[in-house]
Amino acid sequence: NIELVHVFIDEDLFRDQDEDRFISDHIRESDDDYRVVGLIGPFDEFSNRYFLEFLEKNMDRFDDRIHFKIIGKCQERIDHPKIEYTGYIEGIPDYVKVLSSLDALLVPSRTATLGPLNKIVEAMACSVPVFTTPKGIVGLYNIRAGQEVYVFSEDDLVSGLNDNIFGEELIKVAGNARGYVEKYYSKEANKQKLMGIFNRLNREKY
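Residues numbered from 1 in each chain as written. Predicted model: local features only at pLDDT ≥ 70, side-chain atom pairs only at ≥ 80, totals over all residues. Heavy atoms only, no water.

**Some details on a nonpolar patch on the surface**
On the surface, M195, F198 and L201 cluster together to form a nonpolar patch covering roughly 280 Å² of accessible area. Looking at where M195 falls in the secondary structure, it is placed in helix α7 (residues 187-205). Take M195: its relative accessible area is 40%, and that puts it in the partly exposed class. (Patch = residues over 30% accessible without salt bridge, like charges linked within 9 Å, V, L, I, M, F, W, Y side chains within 5 Å. Areas by Shrake-Rupley, 256 points an atom, 1.4 Å probe, with all protein chains shown as cover. Salt bridge = Lys/Arg side-chain N within 4 Å of Asp/Glu carboxyl O. Helix = DSSP H or I, 4+ residues; strand = E, 2+ residues; numbered from the N terminus. Buried < 20%, exposed > 50% of the residue type's maximum accessible area, 1.4 Å probe, protein only.)

**Digging into the pairing of strand β1 (residues 35-40)**
Among the six residues in β1, six count as buried, and that is most of the element. Burial of the side chains of β1 extends over both faces: R35, V37 and L39 are buried on one face and V36, G38 and I40 on the other. As paired elements, β1 and strand β2 (residues 66-71) share six bridges and run parallel to each other. Bridge pairing in β2 places G38 opposite K69. A crossover connection joins β1 to the parallel β2 through helix α2 (residues 46-58); in handedness this β-α-β unit is right-handed. Relative to strand β4 (residues 104-107), β1 runs parallel, the two being bridged by two bridges. By the bridge assignment for β4, V37 is matched with A104. (Pairing = 2+ DSSP bridges. Right-handed = clockwise from strand over helix to strand, strands pointing away.)

**With respect to the environment of G179**
With respect to the helices and strands, G179 occurs in helix α6 (residues 169-184). When the C-alpha atoms of G179 and M124 are compared, they prove to be 8.6 Å apart, with 55 residues separating the residues in sequence.

**What about the environment of L99?**
Among the secondary structure elements, L99 is positioned in helix α3 (residues 92-100). Along the backbone, L99 and G38 are 61 residues apart, and their C-alpha atoms lie at a distance of 7.9 Å.

**Observations regarding the packing of aromatic side chains**
Under the criterion given, the structure shown has six aromatic pairs. Between Y50 and F54, the aromatic rings sit 6.4 Å apart at their centres with planes inclined by 55 degrees, giving tilted as the arrangement. Placement of the pair is Y50 and F54 together in helix α2, with a separation of four residues, close to one helical turn. Ring centres of Y141 and Y184 lie 5.0 Å apart, and the angle between their planes is 70 degrees; this geometry places the pair in the edge-to-face category. With Y141 in the loop between β5 (130-132) and β6 (150-151) and Y184 in helix α6, the pair connects residues that are 43 residues apart, well separated along the chain. (Phe/Tyr/Trp six-rings, centres within 6.5 Å; stacked < 30°, edge-to-face > 60°.)

**So, the sheet that holds β6**
With parallel pairing, the six strands of this open sheet are ordered in space as β3-β2-β1-β4-β5-β6. Edge positions in the open sheet fall to β3 (83-87) and β6, since each of these has one partner strand only. Contacting β1, β2 and β3, α3 runs over the sheet at an angle of about 165 degrees to β2. The strands touched by helix α4 (residues 118-125) within the sheet are β1, β4 and β5, with β4 carrying the most contacts at an inclination of about 170 degrees. (Contact = heavy atoms within 4.5 Å. Axes fitted to C-alpha atoms, helices over the stretch in contact; angles between N-to-C directions.)

**Some words on the environment of F68**
Its location among the elements puts F68 in strand β2. By relative accessible area, F68 is classed as buried at 2%. When the C-alpha atoms of F68 and R35 are compared, they prove to be 8.4 Å apart, with 33 residues separating the residues in sequence. Filtering out sequence-adjacent residues up to four positions away, F68 remains in contact with V37, L39, L55, M59, F62, K82, I83, E84 and L106.

**Some thoughts on the confidence of the model for the protein chain**
When pLDDT is averaged along the protein chain, the result is 86; 89% of the residues meet or exceed 70. Between residues 20-31, whose pLDDT stays under 50, and residues either more than four places distant or in other chains, the model counts 30 contacts. (pLDDT = per-residue confidence, 0-100.)

**Observations concerning helix α5 (residues 157-164)**
Where α5 is concerned, the buried positions are L157, V158, G160, L161 and N162. Packed against the buried residues of α5 are β1, α2, β2, β4 and β5.

**Overview of the layout of surface pockets**
Looking at the largest pocket, its volume works out to about 490 Å³. Taken together, 28 residues line the largest pocket, and the ones lying closest to its centre are I40, G41, P42, N48 and K119. Among the secondary structure elements, those contributing two or more residues to the lining of the largest pocket are α2, α3 and α4. Of the residues forming the lining of the largest pocket, the biggest block, five residues, is contributed by α2. Among the residues forming the lining of the largest pocket, the class breakdown is 12 nonpolar, 10 polar and six charged. (1 Å grid on protein atoms, 1.4 Å probe; cavity = no way out; pocket = protein on both sides within 12 Å on 5 of 7 lines; lining within 4 Å. Points joined across faces, edges and corners; volume = space filled by probe spheres on them. Nonpolar A, V, L, I, M, F, W, Y, C, P; charged D, E, K, R; others polar.)

So, in structure tokens, the structure goes:
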């Protein structure tokens, strides 16, 4: 018998400690109006390497007020004043701190994976809105584009980010993202199914 349990996380580890973060810290004065968008590696992996290629190819198309934070191991770096590198981050607390500092996460996937991307689920758990392609949401259960995540074709991803990153709907999508994770990808939501599998295995064993 085969039982499938999709990826799930301890949502308490990815909880944004300041519930008003988007309202208080990320709506800035007009003379200092910018947003920080993250890309997550490690970028020595083939699929993630394309994220940097996409960024470099489209840097001139992004709104001038958008800055980028490259998270994870990255050997081949793009030299640009609007790009910051964190390097490898060891430990969940430091990783969550970096995730929670973002205004959005950019995931320009051009190939689908066999299951949901952890980086998307973890960012959503931190109430960080995600901008991705249809390939990026493959495997995500019952996800609603425009409600819990922003989804655009690869050609429209830059303009989609530019058009929405400063909009009022961003806060709503951020809240929906956290609620989505709690509903489908939290340990609490998956505990009953997982324990059912263990209990059935124990009964069959004895």
